[in-house]
Amino acid sequence: NRYHHRLIRFYRHRFLGWLRTCLTGISPEERAFRYVLTNSTHGKPESVLNTLDEWCGKYECVTSTGPEKGQILESVVQRTCPVKALELGTNCGYSAIRIARHLQPEAKLYTLEQDPKTAEVAEEMILVAGLKHSQFQVVTGSPTEVIPQFKTSPRVETFDFVFLNQGQGADYLRNLCLLEKEGLLSKGSVILANNVTHSEAAGFLSSVRSDPHYRTTFHPCTAPYEKDVADGMEELVFLKDNGERN
Ligand SMILES: C[S@@+](CC[C@H](N)C(=O)[O-])C[C@H]1O[C@@H](n2cnc3c(N)ncnc32)[C@H](O)[C@@H]1O
C-alpha cells in the first residue's frame, strides 16, 4: 500500500543516502553529479536532465522539481520570457538547467545556494549541460545576505521571474517581502513557488492569496517521482508599479 511504498522510498532514498554520506564523505549531490558525468551526453541539457531523473527515480532524490513540475516551471519561464531570473535554492542545478535553457542570449539566471559545496556541484552540473557563464551565475549565500546586494552588484534592476524553492515554504513570505522591499520586483514580475501544499507554506499561501498586489494561480501536480503524492506550485503575478508600496 501507499504507506509501505513511502517507507521503502524513505529507507532507500533518505536512510541509505545518509549512511552513504557518513561512510564515504561524498554528498548526495556529488553522487548524482558523478552519475551524470558518466551517463549523460555533455552539452545537452535534455540528456543531463533525463540522467538526473533516472538517478532520482532509481537511487536518491536530489531535486524537488522533477519532470512534471519541471514542465510547469518551463512553461511559466517560456511564457514570461525573463531578462533577469532568480532562483532561491539551487541544490544540484536541476531546475536551474530547466530555467536557463529557455533564456534569450541577453538574459541571465541568478541562482542562490547557501551551501558552498552544493553550489560548486551545481555550477559543474549546469556547465556539463552546456549552459554558459553568460547565461547563469550560482551565488553562494542566503537570501537575507544576497538579495539586498543585487541592486549594486551585479546591478540587477528588477527580476522578471523568481523561482522560490529554498525549502518547504517556511521562508517564502520573508524572501518575497525582501524582494519587494528592495524594489527587485516590478509590475508583471512572475513568481513561482514550489511545494506549496506543504504545511510550512500555509502562511505564505494565505498571505499572497489575500494580497491585492498579487494575482495567484495554483498549479496542481504530484511530488517528484511519486505519482501518488499530491503537490502543487503557486504562480504569482506582481501587480504593483515598482516603488508603490515602499
Ligand atoms: C529543495 S532544494 C532546491 C532544489 C532545486 N531547485 C531543484 O529543483 O533542483 C533546496 C536547496 O535550497 C538550499 N537552501 C535552503 N535554505 C536556503 C537559504 N536560506 N538560502 C539559500 N539556499 C538555501 C538548500 O541547501 C538546498 O540545496
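Everything below is about the structure printed above this text.
From a predicted model like this one, the values you see are computed outputs, not experimental measurements. (Residues numbered from 1 in each chain as written. Predicted model: local features only at pLDDT ≥ 70, side-chain atom pairs only at ≥ 80, totals over all residues. Heavy atoms only, no water.)

Colleague: Just checking my understanding: could you explain the site of the ligand for this structure?
Modeller: Around the ligand there are 17 residues in total, and T65, G89, S95, E113 and N165 lie nearest to it. Between the ligand and T63, the relevant distance is 2.8 Å, taken from an oxygen atom to a side-chain nitrogen or oxygen of the residue. In the environment of the ligand, an oxygen atom lies 2.4 Å from a nitrogen or oxygen atom belonging to the side chain of T65. Computed on the free molecule, the ligand has an accessible area of 610 Å², of which 85% lies beneath the protein chains in the complex. (Near = heavy atom within 4 Å. Polar contact = N/O pair within 3.5 Å; in protein donor to acceptor, adjacent residues only side chain to side chain. Areas by Shrake-Rupley, 256 points an atom, 1.4 Å probe, with all protein chains shown as cover.)

Colleague: Just checking my understanding: could you explain unusual backbone geometry for this structure?
Modeller: A negative phi angle is the norm for most residues apart from glycine, just as the trans form is the norm for most peptide bonds. Cis geometry marks the peptide bond from S153 to P154; its omega dihedral reads 15 degrees. In this structure, C81 is a non-glycine residue whose phi angle is positive, near 50 degrees. With respect to the secondary-structure elements, C81 resides in the loop between α4 (66-80) and β1 (84-88). Its identity as a non-glycine residue notwithstanding, N195 has a phi of 55 degrees, on the positive side. (Helix = DSSP H or I, 4+ residues; strand = E, 2+ residues; numbered from the N terminus.)

Colleague: Sorry if this is basic, but what is going on with the nonpolar core here?
Modeller: Burial of nonpolar side chains together is a common tendency in soluble globular proteins. By size, the foremost hydrophobic cluster in this structure holds 40 residues, and its most contacted members are L52, I97, I99, L109, M125 and F161. Ignoring anything within four residues of it in the chain, the contact list for I99 reads L73, V77, A85, E87, L109, F161 and F163. With 28 residues, the next largest nonpolar core counts L164, L176, L179 and A201 among its residues. (Core = buried A, V, L, I, M, F, W, Y, C linked by side-chain atoms within 4.5 Å. Buried < 20%, exposed > 50% of the residue type's maximum accessible area, 1.4 Å probe, protein only. Contact = heavy atoms within 4.5 Å.)

Colleague: When you look at the pairing of strand β6 (residues 214-223) in this model, what are you seeing that I'm missing?
Modeller: Each regular strand carries side chains that alternate between the two faces of the sheet. Bridging between β6 and strand β7 (residues 226-238) involves ten bridges; their strand directions are antiparallel. The residue bridging F218 from the neighbouring strand is E234, located in β7. In this structure, the hairpin formed by β6 and β7 is closed by a connection of two residues, where Y225 is found at a positive phi of approximately 65 degrees. (Pairing = 2+ DSSP bridges.)

Colleague: Before we go on, may I ask you to explain the side chain of N195 in this structure?
Modeller: With respect to the helices and strands, N195 occurs in the loop between β5 (185-193) and α9 (202-209). At 2.8 Å, the side chain of N195 forms a polar contact with the side chain of K69.

Colleague: Just to check I follow, could you spell out a nonpolar patch on the surface for this structure?
Modeller: Among the surface-exposed residues, F10, Y11, F15, W18, L19 and L23 lie close enough to one another that they form a single nonpolar patch of about 670 Å² accessible area. Position of L23 relative to the elements: it lies in helix α1 (residues 2-24). (Patch = residues over 30% accessible without salt bridge, like charges linked within 9 Å, V, L, I, M, F, W, Y side chains within 5 Å. Salt bridge = Lys/Arg side-chain N within 4 Å of Asp/Glu carboxyl O.)

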